[in-house]
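If you want the building blocks of each chain, they are given just below.
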Amino acid sequence: MCKRGDMNNNMLKTKLAQESIIPYFIWFLIPVGIVLAFYQPFQQPILFDRAYLLFMSQVVERGDKLYTSTTFGYTPLSTLFIGFVMKFGRFFQLNTIESARIFGIFFYGIISVNFYRLCLTVFDNKHVINLTTISFIGLDYFGILSSVNAEPKLWVLLFTILGLKSFIQSRWFLVGLYFSLGAMCWHVDVLSLIACGITLLITFKSKLKNLLKVFAGTLAGTLPVLLYLSVTGQWTDFWNQAVLRKLTIEGEELGESIFIWIQKGIYPAYLTESLHFIIGLIGVIILMTVLFITRKKAAVMKFRQTDGLFIVIYCSIWALFNSLEFQSNVDLIPLIPVVIIGMGIVYSILIQSDKNSKTTPIAYCLIVAYNFYNLIGLNLPFTFQDQLQTYRKLNEQYGNGLSIGTTNYYAVTESKNPSKLTNFLPYEEAFLGDELLCQAIQNSLIQNNITYIIELDRSKRNRSEAQENLIQLIGKGKKTPHSRTDCAETLINNKTAVDSITIKLQAIYFLDNYYINESFMIYDITN
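Reading guide: rules and limits
Residues numbered from 1 in each chain as written. Predicted model: local features only at pLDDT ≥ 70, side-chain atom pairs only at ≥ 80, totals over all residues. Heavy atoms only, no water. Helix = DSSP H or I, 4+ residues; strand = E, 2+ residues; numbered from the N terminus. Buried < 20%, exposed > 50% of the residue type's maximum accessible area, 1.4 Å probe, protein only. Contact = heavy atoms within 4.5 Å. Areas by Shrake-Rupley, 256 points an atom, 1.4 Å probe, with all protein chains shown as cover. Axes fitted to C-alpha atoms, helices over the stretch in contact; angles between N-to-C directions. Left-handed = near helix turned anticlockwise from the far one by under 90°. Salt bridge = Lys/Arg side-chain N within 4 Å of Asp/Glu carboxyl O. Core = buried A, V, L, I, M, F, W, Y, C linked by side-chain atoms within 4.5 Å. Phe/Tyr/Trp six-rings, centres within 6.5 Å; stacked < 30°, edge-to-face > 60°. Lys NZ or Arg CZ within 6 Å of the ring centre and 35° of its normal. Pairing = 2+ DSSP bridges.

S.K.: What's the story with the overall build of the protein in this structure? I'm lost.
M.R.: Per the secondary structure count, the protein includes 24 helices and four strands. Looking at the protein residue by residue over its 527 residues, the buried ones come to 55%. Looking at the protein alone, contacts between residues at least 24 apart form 76% of all its contacts between residues at least 6 apart. Put simply, the protein shows about 23800 Å² of open surface, and 62% of that area lies on carbon and sulfur atoms.

S.K.: Please explain the packing of helix α10 (residues 172-185) against helix α12 (residues 208-232) as it appears in this structure.
M.R.: The geometry of a pair of packed helices is captured by two quantities: the angle between their axes and the separation between those axes. At their nearest, the axes of α10 and α12 sit 6 Å apart, and the two run at 35 degrees to each other. Considering the relative orientation of α10 and α12, their crossing is right-handed. Residue-level inspection shows Trp172, Phe173, Gly176, Leu177, Ser180, Leu181 and Met184 of α10 in contact with α12, the latter providing Asn210, Lys213, Val214, Ala216, Gly217, Thr218, Ala220, Gly221, Thr222 and Val225.

S.K.: Please clarify how the pattern of salt bridges should be interpreted in this entry.
M.R.: Between side chains of opposite charge, pairing is possible as soon as their charged atoms come close. All chains considered together, the criterion is met by twelve salt bridges. Here Lys460 ties to Asp457 by a salt bridge, and the two come within 2.9 Å at their closest N and O atoms. On the basis of relative accessibility, which here comes to 42%, the residue Lys460 falls in the partly exposed class. We classify Asp457 as buried; its relative accessible area is 4%.

S.K.: Would you take a moment to explain the nonpolar core for this structure?
M.R.: Counting residues in each nonpolar core, the largest one holds 160 residues, and the members touching the most others are Ile46, Phe136, Phe142, Tyr270, Phe424 and Ile454. Sorting elements by how many residues they give to this core places helix α6 (residues 96-122) first, with 13 residues. Apart from residues lying up to four places away in sequence, Phe142 is in contact with Tyr108, Phe136, Leu154, Leu157, Tyr270, Ile333 and Ile336.

S.K.: In this structure, what is going on with the packing of aromatic side chains? I would like to understand it.
M.R.: For the structure on display, the rule yields 35 aromatic pairs. Considering the side-chain rings of Phe136 and Phe142, the 5.6 Å spacing of their centres and the 40 degrees angle between planes classify their relative orientation as tilted. Of the two residues, Phe136 and Phe142, neither departs from the other in class, the shared state being buried. Aromatic rings pair up to connect Phe167, Trp172, Phe179, Trp186, Phe310, Tyr314, Trp318 and Phe321 into one cluster. Over the ring of Phe384 we find Arg101, and its NZ or CZ is 5.0 Å from the ring centre. Lying over the aromatic face of Trp186, Lys153 brings its terminal NZ or CZ to 4.3 Å of the ring centre.

S.K.: In this structure, what is going on with the sheet that holds strand β1 (residues 400-404)? I would like to understand it.
M.R.: Pairing between the strands of a sheet is mediated by backbone hydrogen bonds and can be parallel or antiparallel. Taken together, the four strands give an open sheet; going across it, the order is β1-β2-β4-β3, and neighbouring strands pair in mixed fashion. A strand with exactly one partner marks an edge of an open sheet, and here the two such strands are β1 and β3 (499-506). Within the sheet, the average angular offset between the axes of one strand and its neighbour, ignoring direction, is 30 degrees. As paired strands, β1 and strand β2 (residues 450-463) are joined by five bridges and run parallel to one another. What sits directly across from Gly401, in β2, is Tyr452. The strands touched by helix α23 (residues 465-473) are β2 and β4 (515-524); relative to β2, the strand with the most contacts, the crossing angle is about 70 degrees.

S.K.: Explain unusual backbone geometry to me, please; I cannot follow it from the model alone.
M.R.: Peptide bonds are mostly trans, and most non-glycine residues show a negative phi. Cis rather than trans, the peptide bond between Tyr267 and Pro268 has omega equal to -5 degrees. Checked against the element boundaries, Pro268 lands in the loop between α14 (260-266) and α15 (274-293). With a phi angle near 50 degrees, Gln40 is a residue other than glycine that sits in the positive phi range. For Gln40, a relative accessible area of 32% translates into the label partly exposed.

So, in structure tokens, the structure goes:
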């Protein structure tokens, strides 16, 4: 009786600990505090893809139609939400950049709390839960991204975590809802829904009601976007830019090694944390071995065979897609929760084998040291303030600018793009009709008193010696030739650059010797 009573008391204590709000509060504060203390969030420069996504939310904040005013080519849910956050920030005298940064920092805390909740669902041991969550927060890239904006793929990360948790708990409507909301932020995340559907068809042939619940959740997740497109009348532009455009450019990297995306995914954003992926892979292999080869219940985790099958299908589908079309480090994000859970499996086995818990404190010290050793080493060679001052000086000297190649200028100065073309890339002209559109842009430049062009010239990119040696080692040392679209060529009209600016970018965060100098040419178009 005493033993049973003690067991009940222990179960009650565990349940109360899990239901307590204090751990959630702690795991919210830790990542937020790390970002504020070490990542210099309000000085992180706004560049390239980060600038593009921030600019799109600024378009929403101004009240312009997202697809009609720009060539935006993704599903819009998170972009719309950040646009409304920017509007709300105006009531507190915040500019759009400040609103996006503040929300992004707190959003990172929300992501971390929900990953902790996923760990509670997967693991029983509190030390494993804590160490796995520490390993998740130890990925610097998420904190750095959040310092600029809660961009679409960070929302995908959140909804992936929630979707995995709901799948393990067999909450099928929520599974459909979360993965659908992820797809409404980044259209490619529909792959998660496909993985879910395949798993259910294989394992629940006699329970179609579960599949119907997922379908109902999926429909519910699409409603905000369907409503926005219908009310604003942007269905045609959305179809052309977010559907047809993507279909024409997917698979353009065919012919490379099918595993090249792994290298592209880890370098450079996760290079200092490569051990995460090695340990995570070991953990996933152990999970698959236990569930499908030995066919035993995994004692160190709460996985069923169905959950293991879903992870196999989920990872396989994402790996197949990445093999066909992988662009940057953020494309790896849907796989990150599985990688970190794999780390947790390894931690579980190690802690379970240490019956006297003598090495647990050592494990904490080693894992904390590995994840956060580089925090004090972050150096920003080019800050947001430098960026803002650079553009202000250009405006003082040359007037109003048109940016070609990036949206950095518009995002930082919070100015409106005088044309529908966002970056003047070939696909934009191909879809929108070059000749008529270019004439309209020339007229718009006159109407908006645009007096100079700032153009990214990647052929003048210069790398540090350490960076050059590294990319030669991994086979990425090809020079990028400078090219222009027909309309950009027409606008510049064979003019000679009157000035140039150089931006020094940290190629690998926390490693000062690895940097890139990007060049931008200035053309005076008043003559």
